[in-house]
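# Results of the structural survey
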Amino acid sequence: MKSDFTPFKIGTVFNPINIKAEIPKYRFVKISYPSRLNAMALDSSKITHNDNLQYSPGEILFKVKLYKEVTIEVTDSPKFDISETSHRKPLILHSAIIMRKALGFKNGLKIFVKNNHDIRHVGLGSSSGLIASVACAINELYGNPINKEILLQYLAQNHGEEIANNIIELSPVQCIGGSAAAGLYKGGLIILAGKSKVIYSAVISDKFKIVIGIPKNFQKLDAQTLLEQEIKSFPKFIKCGLKYSPKIAYSLIHNVLPSLKDNNLKPLGDLIYDYRFKMGSINNCSYCYKKLSIVANKIACIKEKNIAEILSLSSVGPSFFALTDKTAECIKIFNKANLRTIVTDVENHTYSILGKF
């Protein structure tokens, strides 16, 4: 049982599963895996206590068409051979090891990862998405013996992120399960509650674009450094969660979900905006970028003037994003706030299989 936030050895499994699948169904699998944007937590206080890497703050996320391509080939060697062009090898290795422990296979794997949007620690789920994409490709190689609900929890509850100048340990960064859900569940909008359980998903109209804004002067830090800074802000997360989670839950059940049944995004957008901009979430997350609240004030007009259906920080930032059909207006406002922008589409599908034999 792990209750602290100290690093752990790559490949450590804290919450095991045992699903025998020792013989691969295929020799080769290649998949394309989408990314996620974390719009908000349902109870931020639940992210501050490490209960053996099991967290239950809940999450509302959107999926976007920023992809990782993962190729897995079976080899006769028992080793994992990660290609030289695959970046962030500690995370790839961790994913491969924990999947071997779950499935019990002995053969080796050759792993290739191509990621054209590897923007780290800005709120795009780059670390959890990489681990999840490799794990899903391995699961696919063995015929998907682990169902999506179990695999989501397994990945979330054995998650870690790389540490600068440390190739043998990972940082126990909190994981809710959004990146795994993005690849495993349909719908451009997904809501998780409890311990990484998907409770709702919905298709988002393709008339909308997603505009992501990343501060141009953001200084990237490694995961362990960011976690240590976040721990100092835990009292703020606890206060916010205790104060607002009942209101959030009521609004979600009695307003947001019924409205989504009618394809009405406004109550959802209002809840996300209130949480981020009025309940203190952005200030709480400013440990990762001190000017976060200043940027938020400059772009708040996007929601106030109904230029976008959704305006939010993603995860703890520093990236903001807007779901909009007025792309040019959002880009202009983001640029004025010194944000460089990425424009992409909502992804309503799961990961896709590009080839297997």
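Residues numbered from 1 in each chain as written. Predicted model: local features only at pLDDT ≥ 70, side-chain atom pairs only at ≥ 80, totals over all residues. Heavy atoms only, no water.

### Some words on empty space enclosed by the protein
Under the criterion given, the structure shown has three cavities of 30 Å³ or more. Roughly 640 Å³ of volume is contained in the largest cavity. Forming the walls of the largest cavity are 38 residues, and the residues nearest its centre are Arg 36, Val 173, Gln 174, Ser 315 and Val 316. Among the secondary structure elements, those contributing two or more residues to the lining of the largest cavity are β2 (28-40), α2 (126-141), α4 (178-184), α5 (223-232) and α7 (266-278). With four residues, the single largest contributor to the lining of the largest cavity is α5. Its residues assigned to classes, the lining of the largest cavity comprises 18 nonpolar, 15 polar and five charged. (1 Å grid on protein atoms, 1.4 Å probe; cavity = no way out; pocket = protein on both sides within 12 Å on 5 of 7 lines; lining within 4 Å. Points joined across faces, edges and corners; volume = space filled by probe spheres on them. Helix = DSSP H or I, 4+ residues; strand = E, 2+ residues; numbered from the N terminus. Nonpolar A, V, L, I, M, F, W, Y, C, P; charged D, E, K, R; others polar.)

### Focus: the pattern of salt bridges
Under the defined criterion, the tally for this structure stands at eleven salt bridges. Of the charged contacts, one joins Lys 30 and Glu 69 as a salt bridge, the two residues approaching to 3.7 Å between their closest N and O atoms. Residue Lys 30 is located in strand β2, and its partner Glu 69 is located in strand β3 (residues 59-75); the two are separated by 39 residues in the primary sequence. The partner of Asp 270 in a salt bridge is Lys 266, with the nearest N and O atoms 2.8 Å apart. Within this pair, Asp 270 and its partner Lys 266 are both found in helix α7, separated by four residues, close to a single helical turn. On the basis of relative accessibility, which here comes to 25%, the residue Asp 270 falls in the partly exposed class. A relative accessible area of 45% places Lys 266 in the partly exposed class. Ionic contacts of the salt-bridge type, sharing partners, join the residues Lys 266, Asp 270 and Lys 303 into one network. (Salt bridge = Lys/Arg side-chain N within 4 Å of Asp/Glu carboxyl O. Buried < 20%, exposed > 50% of the residue type's maximum accessible area, 1.4 Å probe, protein only.)

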